[in-house]
Each structure stands twice: as structure tokens, then as C-alpha cells.
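# Examination of the molecular architecture
Here is how the chains run, residue by residue.
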Amino acid sequence: MIFNVAGLLKGTSGGAKKYSLEGEELSSEEQGSFELISGMITLMRTDRTIMVTGRLAAVTHRTCSRCLEPAVLNLEAEIEEEYHPANTDLGGTQRDSRFEEDSLDPVLLIDDRNDLDLSQVVLELLAGAMPIAPLCQPECRGLCPVCWKDRNKTPCHCRQNTSDPRLAGLAELGSLKAHSADN
Ligand SMILES: [Zn+2]
Ligand SMILES: [Zn+2]
């Protein structure tokens, strides 16, 4: 996901370019893989940087946290990042000492061929947009804590209420809590 911003950097502050993304893929060991990345982004030249804004949607395949079956997640993320050119001379303006190269996030650096790489920022945004506990469907019934069957596929008749007298027999198998947890 690389954009050459040589033209923008040569232009004046406020100059902008819009790009539409469609069906892009990104993956990394840390964040996993994301498919069908789409959306519109705007690259705008500011005094000394390129501001990237836009909204992206993507799809990722994870494991449902309740039933452990595959879960397809639709994600959305808003992007707003400022990239600094490695080429110090921007149209003859004096380089701001606040932007010393070694203090800059290398991820947000436009390289000396004026290529702006959005991949890492988008990966982190999409990973951040993921739910902490992914679900295969909002109403996933999960695994039965008694027989471990997937209750989405096989409705079981296990008693979930441990104070049920018909479960008293189980208490003898060591689960004495069944009696005290009478709520
Ligand atoms: Zn599930
Ligand atoms: Zn069960």
C-alpha cells in the first residue's frame, strides 16, 4: 500500500490527492491478515508533512471466542496520520527542528524516493478495530460448559443451573460446589 507523493511534495501546502482502495490485502505476523480492504483516503500536503485521512473497511478471519469456530469479522477504521518526508528540503522552507529525523516514528517517514507506505499504519488501525472477543455471530451460543458440544450446531439438554437437584449426583464426583452455589 505505497503511494508516491513526489508530486504532492513539489506542490504547495493544501494540495491534495484522493485515492480509492479496493480489495487490498495486508498481513503481518503480529496483526494477522486482513482482506478486502477498501475505502477512500486523502493525501494532503501541509507545510512540512503529508496528512493522510480517510475511512477504511476490511474483512478478517479469526476464531470465535465462544464456540471456537471460524469467525468472519467486518472491520472499520478511521485513518488520520501525518507522514514526514525523509527529503529534508520541502520547497526551500526551513526544516523545523521539532522534526529531527531520529525523533520521528520510522513508520511515519516518507522514504527518499518519496514513497509513502501506509501498510503498517493500516495494519495497526485494523488490528485495533478488532473486538477483544470475536464472535462468529452476535448470538453465538458457544460451547456447552457441561458436554462441550457446540450449542449452535447441537442443542444439548445439559442443565446449566448447578443448583438443580437433578445434578446432585454430580456433586459426588467432586464438584461439591454445586450445593453451595445456590443462587
Ligand atoms: Zn461462535
Ligand atoms: Zn451440553
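Source: prediction; values computed, not measured.

Looking only at helices and strands, one finds 4 helices and 7 strands in the chain. Each helix and strand of the chain, placed in order from N terminus to C terminus, yields the pattern β-α-β-β-β-β-β-β-α-α-α. When burial is assessed residue by residue, the chain has 16% of its 183 residues classed as buried. Long-range contacts, defined as pairs at least 24 residues apart, comprise 57% of the intrachain contacts of the chain with a sequence gap of at least 6.

Here we take up the nonpolar core. Counting 19 residues, the largest nonpolar core has Val-5, Ile-50, Leu-116, Val-122 and Leu-126 as the members making the most contacts within it. Counting residues per element, the ones that place at least two in this core are β3 (32-45), β4 (50-63), β5 (70-85) and α2 (119-128). For this core, the element with the highest residue contribution is α2, accounting for 5 residues. Not counting chain neighbours up to four residues away, the residues in contact with Val-5 comprise Leu-43, Ile-50, Ile-110, Asn-114 and Leu-116.

By the element assignment, Lys-149 lies in the loop between α2 and α3 (168-171). For Lys-149, a count of 14 C-beta atoms within 10 Å translates into the label partly exposed. Along the backbone, Lys-149 and Cys-67 are 82 residues apart, and their C-alpha atoms lie at a distance of 8.8 Å. The residues touching Lys-149, leaving out its near neighbours within four places in the chain, are Leu-143, Cys-144, Thr-154 and Cys-156.

Backbone geometry places Asn-114, a non-glycine residue, at a positive phi of 65 degrees. Tracing the sequence through the fold places Asn-114 in the loop between β6 (109-110) and β7 (115-117). Looking at Asn-114, the number of C-beta atoms within 10 Å reads 18, which means it is partly exposed. Unlike most non-glycine residues, Trp-148 shows phi in positive territory, near 65 degrees. Positionally, Trp-148 belongs in the loop between α2 and α3. The exposure class of Trp-148 is exposed, given the 10 C-beta atoms found within 10 Å.

One open sheet accounts for 5 strands, arranged β2-β3-β4-β5-β6; its pairing is mixed. Of all the strands in the sheet, the pair left with one neighbour each is β2 (16-28) and β6. Two strands pair when backbone bridges link them, and β3 and β4 are joined in this way by 9 bridges, in the antiparallel orientation. When the sheet's bridge partners are listed, Leu-43 is paired in β4 with Val-52. Contacts from α2 reach β2, β3, β4 and β5, with the element oriented near 135 degrees to β5.

Within the span of α2, buried status applies to Val-121, Val-122, Leu-123, Leu-125 and Leu-126. Close packing links the buried residues of α2 with β2, β3, β4 and β5.

Looking now at the environment of Asp-117. Position of Asp-117 relative to the elements: it lies in strand β7. When the 16 C-beta atoms within 10 Å are taken as the criterion, Asp-117 is described as partly exposed. In the structure, Asp-117 is positioned 113 residues away from Asn-4 in sequence and 8.6 Å away in space, judged by C-alpha atoms. The contact partners of Asp-117, leaving out residues within four places of it in the chain, are Met-1 and Ile-2.

On average, the chain scores 85 in pLDDT, and the residues at 70 or more come to 78%. When pLDDT is averaged over each helix and strand of the chain, the minimum, 46, is found for helix α4 (residues 177-180) and the maximum, 97, for β4. In this model residues 174-183 is a low-confidence stretch, pLDDT under 50, and it forms 12 contacts with partners more than four residues away in sequence or in other chains.

Criteria and cut-off values
- All residue numbers refer to position in the chain's written sequence, counted from 1.
- Whichever chain is written first is A, and whichever ligand is written first is 1; the rest continue in order.
- Per-residue local features are limited, in this predicted model, to residues with pLDDT of at least 70; the limit for side-chain atom pairs, both in listing and counting, is 80 or more; totals at the level of whole chains, interfaces and linings are taken over all residues.
- Secondary structure is summarised from DSSP: a helix means a run of H or I of at least four residues, a strand means a run of E of at least two, and numbering begins at the N terminus for each.
- Counting other C-beta atoms within 10 Å of a residue's own tells you its class, since 20 or more makes it buried, 12 or fewer makes it exposed, and anything in between is partly exposed; those C-beta atoms are placed from the backbone.
- Residue pairs are scored as contacts if the distance between their C-beta atoms, which are placed from the backbone, is within 7 Å.
- The term nonpolar core means buried Ala, Val, Leu, Ile, Met, Phe, Trp, Tyr and Cys residues held together as one set by C-beta atoms within 7 Å.
- Pairing between two strands requires that DSSP report at least two bridges joining them.
- Simply put, an axis is a line fit to the C-alpha atoms, just over the touching stretch for a helix, and the angle between two N-to-C directions goes from 0 to 180 degrees.
- Residue-level confidence of the predictor is what pLDDT reports, using numbers from 0 through 100.

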